[in-house]
Amino acid sequence: MKRQRPSNSPRQGLSNQQSSSKKTKKAASPNPSPTTPNEKNNRNWKQWKQQQIHDYNTHQFLDSSATVHAGLFGARRLPEIKSLWRHVVQNEVVKLEHNKQPDQTTTRKVGESGGGKISSRHLRRRTGSHKRRRRHRFPRGVESNNIDDGMDVESDIPLASDQQLQQQKGKDIPQMKQKCRRARRKPALLKQLHSYWWKHQQRLQTTGKVEDQNPAKTNHNWIPTHLWHAKRFHMSSPPIFSWTVPLLHANRGSRASLRLATSQTTPKCTIQDATWEIDGCAIVLRASQINSSSSPGEQAIEVLQSMMGRVTDIKLSDNSITSGHLSVEGLIHEIDSFPASLVGPGTFMFTPINDASSSEACLLSIFVHPAIRLKVMTILTTLVENHHSDSDINLTISTEPYSLLRVRGTSSTATVADVLSFKWKDILPHDVNVNEVDHGTLLNRNVQVASSTDCTQSSNQVILKSHQPNRHHSHLPQNVACSGWDIICHPSIGNNLFQMLVRKGGSCAIGVAEDARAQLEASPPLPIFPRDYPDSAEGQSYWEGNSNDWKLIRSCIEGSWGRNNKLLRRSQTEGCDEKVSTEEPETLELVTTGDVSSRKTLRIHWSCLVSPKSYQSVIVVRGSFGVPFLQLLHGCGRLPSKVGSDNIAGQTRRPRRPVRPSNVAAHAPPLSKGEKEGHSKLCQQLKASLSLPALLRCEICFEGKGSPSVGDFIYSFTSKDDTSNDDSPKSSDKESLLGLVVAGSFSPTRGRSYGVAFASAAMFIDALDGTEHGMVKEEQMFLEVAIAKGPSSPRHLRRCALLSLLL
């Protein structure tokens, strides 16, 4: 086989390169390459290469699978489009300006700055209509379901007379065009619409009975922090006593807020906007002295003291009260009807002022619940009208707008000082510790807070009121969540001050449910209006279910203490079917069941609990009037005597038997025969002195199993009998009805279940007469009682509890 010799000629090498190039670029080029150039056709290699590249690019451009970037294409030609658009539109605008009529408005040129943007129709937002909502409305007097297909609508409508048409045409008053819903629902307009309550010139009187009036004519008020609470809380809808109230946090329960307020590892505090609880104002009695013959303001103060003595149970004669350094809380009654005809609780504050006209004056501010404000206003107006006109004192009555913020918890004192930028030692008297301030102490302070509105009446002066209701038990952890400070300020700075306490101070916002839980957790539990005031008209309406507003408040307080409270929905039906809850004669009229807020709830008629049964309004024994009952309770047994320990050579003798802890209840040593007879006589004398149907507010505490709930029956043991270890009374016990439970739950700070109840005063005396069920715990005397879910409750489901009095 002959070996082929490699060619050294340049033409032959070029031919080989062309062959290899043809093979490598055959896939890239769609057109076949021309034949190899040779000397015969005189083709140049460079020309052929350029033609090949041109054919490739032409094919790619005409290919249907290729794309063009529209955004890039438009961006490159945007200046050209703008110049063309402005040139065309500018010519049209010039023509319109030239042919414009006198009553026509000027059209803004494109490109000029006029506070807005001109865009095409397709660029408008679809979320809301640019015109007010239009929907078909049938003519007046014709409904949609009464119109048939062949019915002539115009013939059936009575036409207006010519006189009416002329009157309508003759009206020169222009009618305002109704705004669309989107325009009416702007937050700024809504806030202005619902904030008339704190403007003097547009003050709207709220009503105590919202459900008895036309909802369209009823005022609807917002608290200063409504927009903040509406995003985070369950709000009352419809309003409660003309107020939209934050009921419960949407993402946190009352148990969590209570744990946060009482925490010692991470001290925090809670804050509540309670403006609605004072109806956003204070009732102000102004007593001005015409002749200053006596000491400054002394005669004016005496007139106010004598006037309040006719309607309240407190004395305003203390110098610290009249000087404006201390506020006092008391009950308001009808004129000259104490202790009957209770209206409700109130807070009284004196503010002495000096007028520029050199006439001495004194202001008495009264804060009450919105449910009773109109009633209190009527009582005070009657007192002012009955005042002697020939005296040297001029009395006037008015209202002043206020906002109330409640700061409670472990770090409430430090948070208030930090947010308001002051030190307690600068505003407190010398040698006074901030932790030892009395309940109701008033401190005035100017703060640097911007007003949230353009109101000229706003003031940066705030009043700090100390809130220490259980001052003698302040060392207990139960009272931490209900102790703190009240901030009374003008409504215009209430919103900004609230947000400063939340953001800068780290306060936790709470509602009605959390506040009720904190007051029930206190030791002793604090009264809540109107639940713990069954002797008032509002208390009776609360328990009998006659008011829709109290139904929602009751569902909020009695509902679950977690974050999911399903009882906050108001019942759609006003009426409800009542069913008797028991068949026993003694409780036939006392408790009934009805639908309250879409659930079956007990309705309690307290007048049927007293003995003898009376259809009059009951009276709750409070204050010093309950001391005789407390003495009878402590006299039903003996307190164990303390035995001194014998110390021999510095050593303590070990007791023979296990020592019972002081926080565990035990049966009290019985009385002797003579002591029993003396105690029985005292019981009979006190029962004979009861001239009015009276109730006693009590506290119950469970030592073993069980937890009280609203409507549970309380029974007393009138004969001696042993109880088993499982905390259930024996079947041989003789029981008698004593009272009913109004609130109860498990206390995390106490470690056991407890509750609040009301007992009949006469039945309580009968239970103490000759009883041997006295219990001793922490050097205090209690009465052992049985708690049952109802009269027909089985014996093994009844639990033993300890009962004490709350005065």
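These figures come from a predicted structure and were not determined experimentally.

Analysis parameters
Within each chain, residues carry numbers counting from 1 in the order of the written sequence. Since the coordinates come from a predicted model, pLDDT governs what is reported: local features require at least 70, and pairs of side-chain atoms require 80 or more to be given and counted, while whole-chain, interface and lining totals use all residues. In computing side-chain values, all of the structure's heavy atoms are included and hydrogens and water are not. Every helix listed is a DSSP run of H or I at least four residues long, and every strand listed is a run of E at least two residues long, numbered separately from the N terminus. Classification of residues uses two cut-offs on accessible area relative to the type maximum, computed with a 1.4 Å probe and protein chains only: under 20% is buried, over 50% is exposed, and between them is partly exposed. Throughout, a contact is declared for two residues whenever any of their heavy atoms are within 4.5 Å. Interaxial angle, 0 to 180 degrees, is taken between N-to-C directions of lines fitted to C-alpha atoms, where a helix line uses only the stretch in contact. For this classification, under 35 degrees means roughly parallel, over 145 means roughly antiparallel, 65 to 115 means roughly perpendicular, and everything else is oblique. Crossings are classed by handedness, with left-handed meaning an anticlockwise turn of the near helix from the far one by less than a right angle and right-handed meaning a clockwise turn. Note that Gly is not counted as nonpolar here; it falls among the polar residues with everything else outside the nonpolar set of Ala, Val, Leu, Ile, Met, Phe, Trp, Tyr, Cys and Pro and the charged set of Asp, Glu, Lys and Arg. Between 30 and 60 degrees the pair is tilted, below 30 it is stacked and above 60 it is edge-to-face, where a pair is any two Phe, Tyr or Trp rings, Trp via its six-membered ring, whose centres lie within 6.5 Å. Charges are assigned to positions over rings by a cutoff of 6 Å between ring centre and Lys NZ or Arg CZ, combined with an angular limit of 35 degrees from the ring normal. Following DSSP output, two strands are said to pair if at least two bridges run between them. A 3.5 Å cut-off defines polar contacts: any pair of N or O atoms within that distance qualifies, except that in protein one atom must be a possible hydrogen donor and the other a possible acceptor, and neighbouring residues in sequence count only when both atoms are side-chain atoms. Buried residues of nine kinds, namely Ala, Val, Leu, Ile, Met, Phe, Trp, Tyr and Cys, make up a nonpolar core once their side-chain atoms join them within 4.5 Å. Note that the arc is computed from the directions linking the helix axis to the C-beta atoms. Buriedness for pockets is judged along seven lines, at least five of which must meet protein on both sides within 12 Å for an open set on the 1 Å grid over protein atoms alone, while cavities are sets there where a 1.4 Å probe fits but cannot get out, and lining residues have an atom within 4 Å of a point. Grid points are joined across faces, edges and corners, and a volume is the space filled by probe spheres set on the points. When a carboxyl oxygen of Asp or Glu is within 4 Å of a side-chain nitrogen of Lys or Arg, the pair counts as a salt bridge.

Caption draft 1: Here's a closer look at the overall build of the protein. Helix and strand counts for the protein stand at 22 helices and 29 strands. When burial is assessed residue by residue, the protein has 43% of its 807 residues classed as buried. Considering only contacts in the protein between residues 6 or more positions apart, those separated by 24 or more positions represent 68%.

Caption draft 2: The arrangement of the packing of helix α20 (residues 627-634) against helix α21 (residues 673-688) in detail. Look at α20 against α21: their axes get within 11 Å of each other, and the N-to-C directions meet at 155°. On the basis of the axis angle, α20 is roughly antiparallel to α21. As for how α20 packs across α21, the hand of that crossing is left-handed. Contact with α20, carried on its side by P628, F629 and L632, involves H679, L682, C683 and L686 of α21 and no other residues of that element. Its residues assigned to classes, the contact of α20 with α21 shows 6 nonpolar, 1 polar and no charged.

Caption draft 3: Spotlight on the packing of aromatic side chains. Scanning all chains against the criterion turns up 14 aromatic pairs. Their ring planes at 75° and their centres at 5.2 Å tell us that W228 and F498 sit as a pair that is edge-to-face. Within this pair, whereas W228 is found in helix α9 (residues 226-230), its partner F498 is found in helix α16 (residues 494-503), the two being separated by 270 residues in sequence. Here W228 matches F498 in class, with each residue buried. Centroid distance W543 to W606: 5.9 Å. Interplanar angle 80°. Geometry classified as edge-to-face. Taken together, the positions of W543 in helix α18 (residues 537-544) and W606 in the loop between β18 (600-604) and β19 (619-621) put the pair 63 residues apart, joining distant regions of the chain. Judged by its relative accessible area of 4%, W606 is buried. Stacked on the ring of Y754, the Lys or Arg R750 has its end atom at 4.0 Å from the ring centre. The aromatic ring of Y715 is capped on one face by R798, whose charged end is 5.0 Å from the ring centroid.

Caption draft 4: A look at the pairing of strand β14 (residues 484-489). Taken across its 6 residues, β14 has 6 buried, putting it largely inside the fold. As paired strands, strand β11 (residues 403-409) and β14 are joined by 6 bridges and run antiparallel to one another. Along β14, the bridge assignment pairs S403 with C489.

Caption draft 5: View of the side chain of R697. Mapping R697 onto the fold places it in strand β23 (residues 694-702). Residue class for R697 comes out buried when judged on its relative accessible area of 9%. A distance of 3.1 Å separates a polar side-chain atom of R697 from the backbone oxygen of P525. If near-sequence neighbours (up to four positions away) are discounted, R697 is found in contact with P525, L526, P527, D532, V756, A757, F758, L805 and L806.

Caption draft 6: Focus on the nonpolar core. Of all hydrophobic cores here, the largest spans 82 residues; its most connected members are M308, I366, L590 and W606. Residues contacting M308, with those up to four places away along its chain left out, are L285, L316, F348, L364, I366 and L380. Judged by nonpolar contacts, the second largest core, of 31 residues, contains C698, V741, I787 and A801.

Caption draft 7: Structural context of unusual backbone geometry. The residue after S237, namely P238, is reached through a cis peptide bond having omega 0°. On the secondary structure map, P238 appears in the loop between β2 (233-235) and β3 (243-244). Following S523, the chain continues to P524 via a peptide bond in cis, the omega torsion being -5°. Looking at the secondary structure, you find P524 in the loop between α17 (512-521) and α18. Despite not being glycine, F241 shows a phi value in the positive range, around 50°.

Caption draft 8: Spotlight on α17. Of all 10 residues that make up α17, 10 are buried, and the element is covered over most of its length. Listed in full, the buried residues belonging to α17 are V512, A513, E514, D515, A516, R517, A518, Q519, L520 and E521.

Caption draft 9: Just the sheet that holds strand β12 (residues 442-446), in detail. One open sheet accounts for 6 strands, arranged β12-β13-β14-β11-β5-β15; its pairing is mixed. One side of each edge strand has no neighbouring strand; the edge strands of this open sheet are β12 and β15 (508-509). Alignment of strand β5 (residues 269-273) against β11, held across 5 bridges, turns out to be antiparallel. Across the sheet, the residue bridging to Q272 is R406, located in β11. The strands that helix α10 (residues 254-261) touches are β5, β11 and β15; relative to β5, the one it contacts most, it runs at about 125°.

Caption draft 10: Inspection of helix α11 (residues 298-308) at higher detail. When we look at burial in α11, the residues that qualify are A300, I301, V303, L304, M307 and M308. Along the axis of α11, the buried residues cluster in a sector spanning 160°; they form a single face.

Caption draft 11: Inspection of the side chain of S716 at higher detail. Following the sequence through the fold, S716 ends up in strand β24 (residues 713-717). At 3.0 Å, the side chain of S716 forms a polar contact with the side chain of S736.

Caption draft 12: Region of interest: the environment of G711. By secondary structure assignment, the location of G711 is in the loop between β23 and β24. Look at G711 and you get buried, because its relative accessible area is 1%. Each C-alpha atom, one on G711 and one on I604, is 7.9 Å from the other, the two residues being 107 residues apart in sequence. Once you skip the residues sitting within four places of it in the chain, G711 turns out to touch L602, L740 and V741.

Caption draft 13: Representation of empty space enclosed by the protein within the structure. Counted by the stated rule, this structure contains 3 cavities of 30 Å³ or more. The space that makes up the largest cavity amounts to roughly 60 Å³. If you go around the largest cavity, the residues you meet are S257, L258, A261, T270, R408, A481, I510, E514, D515 and A518. Within the residue set of the lining of the largest cavity, elements represented by two or more residues are α10 and α17. A breakdown of the residues in the lining of the largest cavity according to their chemical character gives 5 nonpolar, 2 polar and 3 charged.

Caption draft 14: Quick peek at the pattern of salt bridges. This model, assessed by the stated rule, comprises 18 salt bridges. Note that D532 is salt-bridged to R697, the shortest N-O span being 3.6 Å. Of this pair, D532 sits in the loop between α17 and α18 while R697 sits in strand β23, and the two are 165 residues apart along the sequence. With its nearest N and O atoms 3.2 Å apart, the salt bridge here joins R638 to E675.

Caption draft 15: View of the pairing of β5. Within β5, 5 of the 5 residues are buried, which leaves the element mostly enclosed by the surrounding structure. Across the two faces of β5 the burial is the same, with C269, I271 and D273 and T270 and Q272 all buried. Here 2 bridges tie β5 to β15, and the two strands are oriented parallel to one another. Along β15, the bridge assignment pairs T270 with C508.

Caption draft 16: Representation of the packing of α20 against helix α22 (residues 761-768). At a minimum axis distance of 10 Å, the contact between α20 and α22 shows a crossing angle of 20°. It follows from the interaxial angle that α20 and α22 lie roughly parallel. In terms of crossing hand, the pair formed by α20 and α22 is left-handed. Residues F629, L632 and L633 of α20 form the contact with α22, whose participating residues are A761, F764, I765 and L768. For the contact of α20 with α22, the class distribution of residues is 7 nonpolar, no polar and no charged.

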